[in-house]
Amino acid sequence: MSNSAVLARLRPERPAWLSPKVARTEILGGLVVALALIPEAISFSIIAGVDPSVGLFASFTMAVVISIVGGRPAMISAATGAIALVVAPISREHGLGFLVATVILGGLIQVALGSLGVAKLMRFVPRSVMVGFVNALAILIFTAQVPELIGVPWAVYPLFVAGIAIMVLFPRLTKVIPAPLVAIAALTATTIAAGIAVPTVGDKGVLPGSLPVPGLPDVPLTLETLRIIAPYALAFALVGLMESLMTAKLVDDITDTRSDKTRESIGQGVANIVTGFFGGMGGCAMIGQTMINVRTAGSRTRLSTFLAGVFLMVLCLVFGPVVSRMPMAVLVAVMVLVAFGTFDWHSVAPATLKRMPAGEIVVMVVTVAVVVATDNLAIGVVVGTITAMVIFARRVAHLVRVSAVTDPEGRHVVYAVHGELFFASSNDLVSQFDYAGDPGSVTIDLSGARIWDASSVAALDAITTKYESRGKQVEITGLDERSATMHERLSGELAAGH
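Residues numbered from 1 in each chain as written. Predicted model: local features only at pLDDT ≥ 70, side-chain atom pairs only at ≥ 80, totals over all residues. Heavy atoms only, no water.

**Brief notes about the overall build of the chain**
Check the secondary structure of the chain and you find 20 helices and six strands. For the chain, whose C-alpha radius of gyration is 29 Å, the value lies well above the compact-globule estimate of 23 Å for 498 residues. The contacts in the chain between residues at least 6 apart in sequence include a share of 83% that link residues at least 24 apart. Roughly 23,200 Å² of accessible area belongs to the chain as shown, and the carbon and sulfur atoms make up 65% of that amount. (Helix = DSSP H or I, 4+ residues; strand = E, 2+ residues; numbered from the N terminus. Rg over C-alpha atoms; globule rule 2.2 N^0.38 Å. Contact = heavy atoms within 4.5 Å. Areas by Shrake-Rupley, 256 points an atom, 1.4 Å probe, with all protein chains shown as cover.)

If you want it as structure tokens, here you go:
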């Protein structure tokens, strides 16, 4: 091997974002996301009952930290509505200090859960739940924009339509500059130059004038404090991880890449701990802003996430007066198109629904309905997954088949059992034997079945007992090694009194 080849192999691989073309995409993507983050962060601060700077600081620190420690490149984490709803009660009842302490403890719980491998539970989320999650998300993004279009000056509507038109038509000219950035810049300049009076970002709240300063939460370090914040911190951790992992999976699918979900789980916790010490309200992955970054802007690296946080603070501190005059109509237009692009239209096409199993359609509809009703993506995913498991259990339970063959002399009968024996299917197993009419010798052949739980062992014990109470002998054969081990360990130990 030549010296040049050896040096090439030893030389560190150049990061993708150092490429001028990639860097331009990432920088512009980060800028668009930062602009979209400002009104969202202010709105979520209002929901949480805190000053707008608390939400903006959270978005800044979450984006910067997660860009370094997270597992999913290009995903945006910041203050979110779901987190705001979780922390709002403790903020309202106990104040900002307890909210910050909750964020820090919630982050610690996320680190612990991530280290224990909670991300592996994502494999149990069915595709129908994922589709429902995406569609519900699109509906929530859209409905969140509706209030911005009701009871507003008439000038909002042409600005909104113009924003949609620019974002639809501009990519036909060039995709070098993200269309949302062009729309925001053009319409902001138009409203300022023409003096058009419409709702602006500044109407949402006052932008911060200085960087956040680290410090400890102003709470007594007592067990009583822990008792107050622990339930909220646990809910905070679970909701944040659920939304973040689902978003990471969605981005994986869009970009055809895999991400480290365990690292993402731990990274979310680290980001929230840092955010708490900087006085932020905490956060998690933001699906709407992530879709802007990944789908609209085409970003693929950590640089866009990092710059989204940096640009957010630069816009607030340096360009605050201009940003405050940015019309909400154009940001609403951006989010409406994001909602339209996020919705999985193929999943509700008549041709798809005709081919889709009824159970999967039910799961998708339940997921969407629960998310929209509760305004909580995590609850919808949990309910949808449970619904899918119930439907699956009912389907598999009916796949157990029992067939009987009696010898010509009528002295012996062999029952062949085929299927998976678990709590749902084993309950019906007991009723499929003719205890009174069978001869004195019975064989239950389980070579075509497998035992999965104690309920199945208890069912086999019940069958054996029913035969023995009539003076008949029962032999169970054909167990594979795992099933035989479980049967041997539990048989006879599951009756009342043990």
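On we go from here.
**Side note on a nonpolar patch on the surface**
Taken together, the side chains of Ile-192, Leu-211, Val-314, Leu-317, Val-318, Phe-319 and Val-322 define a hydrophobic patch exposed on the protein surface, amounting to about 570 Å² of accessible area. Tracing the sequence through the fold places Val-322 in helix 13 (residues 320–324). (Patch = residues over 30% accessible without salt bridge, like charges linked within 9 Å, V, L, I, M, F, W, Y side chains within 5 Å. Salt bridge = Lys/Arg side-chain N within 4 Å of Asp/Glu carboxyl O.)

**Overview of helix 10 (residues 261–277)**
The end-to-end C-alpha distance of helix 10, which contains 17 residues, comes to 25 Å, matching closely the 24 Å that a straight helix rising 1.5 Å per residue would cover. Regarding helix 10, the residues found buried are Lys-261, Glu-264, Ser-265, Gly-267, Gln-268, Gly-269, Ala-271, Asn-272, Ile-273, Thr-275 and Gly-276. Lining the buried residues of helix 10 we find helix 3 (52–69), strand 1 (77–78), helix 5 (96–115), helix 9 (223–255) and strand 2 (284–285). For helix 10, the N-terminal cap is Asp-260; the gap from its side-chain oxygen to the backbone nitrogen of Thr-262 is 3.1 Å. Within two residues after helix 10, Gly-279 carries a phi angle of roughly 80°, on the positive side. (Expected span 1.5 Å × (residues − 1). Buried < 20%, exposed > 50% of the residue type's maximum accessible area, 1.4 Å probe, protein only. Polar contact = N/O pair within 3.5 Å; in protein donor to acceptor, adjacent residues only side chain to side chain.)

**Notes on the pattern of salt bridges**
Summed over the entire model, instances satisfying the criterion amount to six salt bridges. Between Arg-72 and Asp-252 there is a salt bridge, with the nearest N and O atoms lying 2.5 Å from each other. Taken together, the positions of Arg-72 in the loop between helix 3 and strand 1 and Asp-252 in helix 9 put the pair 180 residues apart, joining distant regions of the chain. The partner of Lys-261 in a salt bridge is Asp-252, with the nearest N and O atoms 2.4 Å apart. For Asp-252, a relative accessible area of 8% corresponds to the buried category.

**Overview of the sheet that holds strand 5 (residues 441–451)**
Within the open sheet, the four strands sit side by side as 3-4-5-6. Their pairing is mixed. Whereas interior strands pair on both sides, the edge strands pair on one side only; in this sheet they are strand 3 (401–406) and strand 6 (473–477). The average angle at which neighbouring strand axes cross in this sheet is 20°, direction not considered. For strand 4 (residues 412–421) and strand 5, the ladder comprises nine bridges, and the chain directions are parallel. (Pairing = 2+ DSSP bridges. Axes fitted to C-alpha atoms, helices over the stretch in contact; angles between N-to-C directions.)

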